[in-house]
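Spelled out from the first residue to the last, the chains are:
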Amino acid sequence: MINQENTYLGADGLAYCKICGEPVEAFFPPDSILGMKKHFRQCACIRQKREVEEKAYKEREHRELVERNRKICFEEPRMYDWNFELAEKTTTIEKAKEYTANWNDMKKNHIGFLLWGPIGTGKSYIAGCIANALLNREITVKMTNFNTIIDDMFPLEDKTEYINALARYELLILDDLGTERNSEYALGIVFSVIDRRYRSGRPLIVTTNLPIKQLKEETNIEKKRIYDRILEMCVPLYVGGSSYRSDIAHEKMGKMKTFFATAESSQTENIIEQTGTKTIFLGNFQNVTFLCILHKKSNVSKSKHKNFTLMHKMYVKNYTKKERNGKCFMDFLSYFSEHKKNIFLN
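Residues numbered from 1 in each chain as written. Predicted model: local features only at pLDDT ≥ 70, side-chain atom pairs only at ≥ 80, totals over all residues. Heavy atoms only, no water.

Draft legend 1. Main features of the overall build of the protein. Within the protein one finds 12 helices and 12 strands. Going through the 346 residues of the protein one by one, you find that 37% of them count as buried. Contacts spanning at least 24 positions in sequence make up 62% of the contacts within the protein whose residues lie at least 6 apart. Of the roughly 20,800 Å² of accessible surface on the protein, 52% is carried by carbon and sulfur atoms. (Helix = DSSP H or I, 4+ residues; strand = E, 2+ residues; numbered from the N terminus. Buried < 20%, exposed > 50% of the residue type's maximum accessible area, 1.4 Å probe, protein only. Contact = heavy atoms within 4.5 Å. Areas by Shrake-Rupley, 256 points an atom, 1.4 Å probe, with all protein chains shown as cover.)

Next comes the structure, spelled out in structure tokens:
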């Protein structure tokens, strides 16, 4: 339907768009069997509008698909934000980026990674970055671990279908190899998943804290056949450096000490968290603020402890009765006030 308000009639008898100047009509060939002289055509304005609408529709479809696949891939929402842009620039990260950039070749040649190294060095994070980079390209990825797989499969009658489903993802990431239970049943499940993935011809990425030497020299026959499959499918990539978890813990401790040092309250205590297992107090005396964490584990008698060392042990371990926490804290304040101690408790 031609919008009469936005068109005008040209000298050739065709309607033209007032905005772009293109005709919105065209003549049928003289010998047309339809018996009509003119038909509608899209001018530049209409084509541009349609292109914008189609682009927006495709982008919305893409976002929905990626979001759906991301929820399937990861078991924890925090992993959604693991990406190369936020990662520290290291040789390992650069190799992981190259892997995703050359994904088609990696997939064609069935090449995966074995990310190995000490605890806390970012192996899972790197694997998550690879997963997110591929998910953004609408490539299906599943990142899980054998403890989850074993728990999921235990009540199933048809365990084969579960294993086949894992094999269908374009990339499968198995996190923390070696932390699963060491039973014959568990090792059987591990081998079945690895072997099915091997036979599927699709890439596999594995992360582990186990030394590469242990994987290569394993003597246990059940483990050896698992590790041999992995080493055939995956290129070992060492992930070293300091523990990210330790670095984060030290950073938090530094922030807390800065906060304590600038606190202005005096000789007051505030319960900032109380659960069935611990009570956390924020207190201050002699212009020194400290954090007191009372764990409900020990039945140490408080009445016999009259020096700092024993009081410190008592405050760390605490008592079996949660209701004693408040009195223990006040005893603490009284003790330090009496001896005029200006000490940070770490």
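Draft legend 2. Local environment of the packing of aromatic side chains. Under the counting rule described, the total for this entry stands at 7 aromatic pairs. A ring pair is formed by phenylalanine 74 and tyrosine 80, whose centres lie 6.3 Å apart and whose planes are at 45 degrees; its orientation type is tilted. Accessibility expressed as a relative area gives 24% for tyrosine 80, which makes it partly exposed. Connected via pairs of aromatic rings, a cluster forms that spans Tyr99, Trp103 and Phe113. The ring centre of phenylalanine 191 lies 3.8 Å from the NZ or CZ of arginine 225, which sits over that ring. Here the basic side chain of arginine 229 rests over the ring of tyrosine 198, its NZ or CZ set 4.8 Å away from the ring centre. (Phe/Tyr/Trp six-rings, centres within 6.5 Å; stacked < 30°, edge-to-face > 60°. Lys NZ or Arg CZ within 6 Å of the ring centre and 35° of its normal.)

Draft legend 3. Here's a closer look at the pattern of salt bridges. According to the stated counting rule, one finds 11 salt bridges in the structure shown. For glutamate 76, the salt bridge goes to arginine 78, with nearest N and O atoms at 2.5 Å. In the salt-bridge network here, residues are joined through shared partners; they are Glu22, Arg41 and Arg47. (Salt bridge = Lys/Arg side-chain N within 4 Å of Asp/Glu carboxyl O.)

Draft legend 4. Examining the sheet that holds strand 6 (residues 141–145) more closely. Spatially, the 5 strands line up as an open sheet ordered 6-7-8-5-9, and their pairing is parallel. For this open sheet the edge positions go to strand 6 and strand 9 (234–238), each flanked by a neighbour on one side alone. Sheet twist, expressed as the average angle between the axes of neighbouring strands with direction ignored, equals 15 degrees. Strand direction decides the pairing type here: strand 7 (residues 171–177) and strand 8 (residues 204–208), joined by 4 bridges, are parallel. By the bridge assignment for strand 8, leucine 174 is matched with valine 206. (Pairing = 2+ DSSP bridges. Axes fitted to C-alpha atoms, helices over the stretch in contact; angles between N-to-C directions.)

Draft legend 5. Representation of the environment of aspartate 12 within the structure. Following the sequence through the fold, aspartate 12 ends up in the loop between strand 1 (7–9) and strand 2 (15–17). According to the relative accessible area criterion, aspartate 12 is partly exposed, its value standing at 36%. Reaching out from aspartate 12, the side chain makes a polar contact with the backbone nitrogen of leucine 14 at a distance of 3.1 Å. One polar contact links aspartate 12 to tyrosine 16, side chain to side chain, over a distance of 2.7 Å. (Polar contact = N/O pair within 3.5 Å; in protein donor to acceptor, adjacent residues only side chain to side chain.)

Draft legend 6. Here's a closer look at the packing of helix 2 (residues 91–101) against helix 4 (residues 123–135). Where helix 2 contacts helix 4, the two axes come as close as 10 Å, and the packing angle between them is 25 degrees. As far as their axial angle goes, helix 4 and helix 2 are roughly parallel. Once helix 2 is placed against helix 4, the crossing between them reads as right-handed. In contact with Thr92, Ile93, Ala96, Tyr99 and Thr100 of helix 2, helix 4 contributes Ile126, Ile130, Ala133 and Leu134. A per-class count over the contact of helix 2 with helix 4 returns 7 nonpolar, 2 polar and no charged. (Parallel < 35°, antiparallel > 145°, perpendicular 65-115°, else oblique. Left-handed = near helix turned anticlockwise from the far one by under 90°. Nonpolar A, V, L, I, M, F, W, Y, C, P; charged D, E, K, R; others polar.)

Draft legend 7. Molecular detail of helix 1 (residues 44–73). Helix length check: helix 1 (30 residues) gives 43 Å between terminal C-alpha atoms against 44 Å at 1.5 Å per residue, within 8%. Listed in full, the buried residues belonging to helix 1 are Val66, Asn69, Arg70 and Cys73. Packed against the buried residues of helix 1 are helix 4 and strand 6. (Expected span 1.5 Å × (residues − 1).)

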